Amino acid sequence: MNTTLQANSVWNDQVLATHDFYERCSADGVVRPHWSLLTEEYNALGRRALRERTGAIEQFVRENGVTFHADETSEGRDRPWKLSVVPFVIGAAEWKTLSAGLAGRTRLLETVLTDLLGEQRLIREGVIPGELLWSNPSFNRTYHDLEGSQRKLHITATDLARGSDGVWRVTGDRTRAPSGLGYLLENRVVTSRVVPTLIRRSNTLRLASFFESLKDHLFSLAPTHRENPRVVLLTPPSGSYREFEDTYLARYLGLTLIQGSDLAVRGGELNLKTLGGLQPIQVLWRHVSDRRCDPLELDPTSREGITGLLGCVRRKSVSVVNTIGSVLVQTPALLPYLDAAHQFFFGNQLQLNSARTYWCGDPEHRSYVMNHLDTLNFRDAFAVSGGASIVLSELSQSEREEFIGGLTAKPASYVAQERLNFSKTPVWTGESIEPQKVTLRSFQLSTAGGISVLPGGLARVGHDQLELSRSPVSGQMTQDCWVTSDSPVDQHKSLLPDSKTVVKLRRGGNELPSRVAEHLYWLGRYAERAEAVARVVRTTLARIAGEENWNKLPEVRLLIRTLAKMGQIEASFAVESFQANLPHVEQTLPMSILDRDQPRGLVRTMDAVMRNTIAVRDRLSSEAFRIVQRASQELTEPTQPIIRTNANQISISEAIERVGRLIVDLLALAGLTNESVVRTHVWQFLELGRRLERAEHTCDLLIATLCPPTDNGKPICEAVLQITDSLMTYRSRYMNLTRLAPVIDLLVTDETNPRSLRFQLDRVATLMDKLPSVEGPVGLDAIQRLVIDLQYRVTTADPIKLCETSQDGTLDQLKTLLKQIANDLPRLAEGVNARYLIHTESQQFLTGTGR
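Residues numbered from 1 in each chain as written. Predicted model: local features only at pLDDT ≥ 70, side-chain atom pairs only at ≥ 80, totals over all residues. Heavy atoms only, no water.

1. Observations regarding the sheet that holds strand S11 (residues 283–286)
Where we set the bar: Strand pairing is assigned whenever DSSP identifies at least 2 bridges connecting the two strands. Only DSSP runs of H or I covering at least 4 residues are called helices, and only runs of E covering at least 2 are called strands; the numbering of each starts at the N terminus. Lines fitted to the C-alpha atoms define the axes, with helices restricted to the stretch that makes contact. Angles between their N-to-C directions range from 0 to 180 degrees. For this analysis, residues touch if any pair of their heavy atoms sits within 4.5 Å.
With parallel pairing, 4 strands are arranged side by side in an open sheet as S7-S6-S11-S12. Looking at which strands have only one partner, the edges of the open sheet turn out to be strand S7 (256–258) and strand S12 (319–321). Put simply, the sheet's adjacent strands are angled 25° from each other on average, direction ignored. Examined bridge by bridge, strand S6 (residues 231–234) and S7 share 3 bridges and lie parallel to one another. Bridging across to S7, Leu234 finds its partner in Ile258. Against the sheet, helix H7 (residues 208–220) engages S6, S11 and S12, with an angle of about 130° to S11.

Shown next, in the form of C-alpha cells:
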C-alpha cells in the first residue's frame, strides 16, 4: 500500500517527537501491517463520518448509562465513560509473545502469594526482605494459610506501558479484584456497533471465549451443589466506583449481584438472605477489599463484608475469588524482587519485566534513589490506588523539601520507579487523529487447565503520563483494544448453555434479597410520587396560564394548598393568611420544578427514583433504566437554549412541557414494568410500593380538594378528575354533567378504575396474599387484618352518603373515611417494612438535632 500521508488524510502524525515510539508507524513513517486496513478505512471515512461515529458512541454511552464514579470530582458524582472511535491495535504475533509473558508473570504471582501465605521461603532465604511484608498495612496474620494449597489467584490484571525502545514493561499488578473488565466489554460492544464491518474485516480476536471460560471456572469452584451452584458477585454498597461495572458483569455472566448486608453465616455456611429464607452460596466473587471482608476477624468497622466469612473459608464451605489476602502481591514494593523470585522458584529470568522500581525501605535501593531523585517517579509503596505519581521536578522548593523530609523519615512508605516515555497511539481529537500516550491493562484467568489471557485489554490514552498511572476509572479517554490476526478468527461464542444440558424447570422468585426488595418497593413509591406531584403541578399551571384571572378560580387556591402540603412549594402557601407575604405563585411554581432544596419536591423525588433504579439495575431491563435516566435529565436540563435573566427561571409554558414529558416517561416506565417484569417478588414489591403510594396520594388529594366547603364544585371536580387521569372515563359515563356523587364513586369506590382508592386497596390485598407469610397461630395476622379492614371500609361506603355535607358545607363523611384510611395506610406500610425489608439507610433521625 501507499504509506505516504496524503494532504487530506485524517491522520496527523506531525506532533510526534523523534524519540517517541508510535504504535501506528515505524520510525521511518511506514504504517505497521496490523494498522494498514484501519488507516485506509478511516481515511476513506473522513472527518465528518468520524465525528458522526463519535457522536454515536457518546449516545450509546448515555443510553446504556455507562458511568464511572470519581471520588475526586466535585460532589463525587458519576460521569459518562469516555471511549475513542479509534481502537488500539496489536498484531497477533506480538500479542502471542506478550501473552506468554503475562501468563508467566501470573504463574509467578500465584507462587509468590502461596509462599507468603504459607512457608515464606522467600523471606527465610532472603529473596524478599521480611520488613516488606511486616510493614505492609494490608498484611494481616489471619491471611496466613487460610485456604491451604487451593488456587488463590483466579482473575488478575496487569498494567502495561511500552517505552520509547518499543519494549513492554509492567507498571503494576492487580491481584485483589481488578477493575476494568466490565468497561472493557462495554467498549467492545459499543465499538462493534459503530464500526461493525471493520472489526470483522480486521480479523479481531473475540472476547466471548474468555468470558465463557470465566463463567465456567467460577461455577467449577463450587465445593457443593456442583450441578447447579449459586455463584454471587459481592459488590460494595451503593455509590462505589464499581457500581456500573459490577452490575454489567453480573448481568452478562448471569450472576447474582449482592452486597454484604444480603449475606449471613449460619452453621458455618454462607447464605443469601432472601424473602423465601436463607439460600446457601457456593462461590463468592468478591469486589470488596481484603480487610473489609469480615468485620469479625478483620476490620471491625466494615459494613461491606460478612461476619464469619473467614470461618466459612476455613471450613471450605464456600470458594472465594480471589482469595482473601491476595492484595499482598499487588503491592508496588514487591515489584523490584519479582525477577529474583522467578529465579528462585523457576531457575530463569522473568520474561515480562517490571519497569525498574526501587523500594525505599531497602537500604541499597534507598541509596540509589537519594542519588537520582530527579530522574524517578515516586508513589505509595503499598497502595495501588489513590493519587498520581510524584515528580520532584514539578514541585515547588518548599514542596520538594517537605517530600524529601517525609521520604527520609519513613522510607519504607515509598517506591521510586524509572520514568518511562510511554508510547503513543492514534486518538481522534475532533478534527484529526493525533498521537497520544497510551497504557494498557490486560486480564488473565487462572484455571486448572492453565492460564488464559484475554485477547485485548483496556487501553487508556492522554497527554499526561502521570494521570495514566492512576486507576482506570479516574476519567481518561479509553480505547477498545483489537488483537488482529492475518487469518479469519473463530465465530462469536455465546454464554448460553449447551442445548443438550438438562435444566429443571422452575418458577423463581423467593430468592429475592430483602435489600433488593426494599429498593424495588421504594422505586415504585417514588415513581408514583413523582407522577402524582407532576400531575398536580401541570393542572395548576394550566389554569394559571389560562384566559381567566386565576386568582378568582376556586380550584387553583385548593391546588396550591395541595402542592404546599405535598412539599413541592413552600409550606407557607398552605396557610392563606401567609400568602400575601410570599412571592407570586405564577413565578414560584414554575421555578419549583428545578428546586433541589425542596426535600419532597420533584427534583429530589426523581433523584430518589434514579438512586433506587441504579440499586436494582441488574433486575430491570435496559429500557427501564434509560427511561428513568432520560426523565431525570430532561426535568432539570433545558432541551433548547432559552434567554433568561436567571438561570433557574423558566416560563410557565416550559414548565408545563417539562412536567408533561415527565408524566409520559413515568407512564412508560409503569407500562414497561407491567409488561416486561415476571410476576415474581420483583414485580410484586414494585407494584406494592406504587399502589400504597397512590392510595395515600388519592386520600390526601381528595381531602384537600373535594372535602372543603365551596360555592362552585364543578371546576374543582374537573381539576381532580384531570389530575387522576379519570376525566375521559367520567365524561364517557356522564357526558358533561358534573355531579359530586359520580365523581366520588369513580375516585373512591369504583373497583374498575385503576386510579380509584378501592382499586389500590384491592391490588394491595392481592399482592399481600402472594408474599411469603409468617407462620404463627391459626388466624389472620395484623397486616392481613388491616388490609381487610381497609377494603371493607371502602367497599361498604355509599357514594351518595359520602356527598352529604355539614352545616358549613364540608363533606364530613367523605373526610372522615379518607382520614381513617390515610391514617391506617402508614401503619400498613410500616408492617410491610418490618416484615420484609431490611432498611438500607444507615440512620433514621426522629429530630433535626441528630444531624
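2. Quick look at the sheet that holds strand S8 (residues 263–266)
Across a sheet, strands are paired by hydrogen bonds formed along the backbone, either parallel or antiparallel in direction. Judged by pairing direction, the sheet is antiparallel, and its 3 strands sit side by side in the order S8-S9-S10 without closing on themselves. On the outer flanks of this sheet lie S8 and strand S10 (277–280), each paired with one strand and no other. Averaged over all pairs of adjacent strands, the angle between their axes in this sheet comes to 45°, without regard to strand direction.

3. Quick look at H7
Every α-helix carries 3.6 residues per turn, so stepping three or four residues along brings you back to the same face. Where we set the bar: Working rule for helices: expected span equals 1.5 Å times residues minus one. Exposed residues in this analysis have more than 50% of their type's maximum accessible area, buried residues have under 20%, and partly exposed residues fall in between, with area computed by a 1.4 Å probe over protein chains only.
An ideal rise of 1.5 Å per residue puts 18 Å on 13 residues; H7 measures up with 18 Å between its terminal C-alpha atoms. Taken together, the buried positions of H7 are occupied by Ala208, Phe210, Phe211, Leu214, Lys215, His217 and Leu218.

4. Quick notes on the packing of helix H16 (residues 602–615) against helix H17 (residues 622–636)
Rules: These descriptions rest on fixed angle ranges, namely under 35 degrees for roughly parallel, over 145 for roughly antiparallel, 65 to 115 for roughly perpendicular, and the rest for oblique. Take the far helix as the reference: if the near one is turned anticlockwise from it by less than a right angle, the crossing is left-handed, and if turned clockwise, right-handed. Charged residues are taken to be Asp, Glu, Lys and Arg, nonpolar residues to be Ala, Val, Leu, Ile, Met, Phe, Trp, Tyr, Cys and Pro, and polar residues to be all remaining types, Gly included.
Two elements in contact, H16 and H17, have axes whose closest approach is 10 Å; the angle formed by their N-to-C orientations is 155°. Classified by the angle their axes make, H16 and H17 are roughly antiparallel. In the packing of H16 onto H17, the handedness of the crossing is left-handed. Side by side, H16 and H17 meet where Leu602, Val603, Met606, Asp607, Val609, Met610, Thr613 and Ile614 of the first sit next to Phe625, Val628, Gln629, Ala631, Ser632, Leu635 and Thr636 of the second. In terms of residue class, the contact of H16 with H17 is built from 10 nonpolar, 4 polar and 1 charged.

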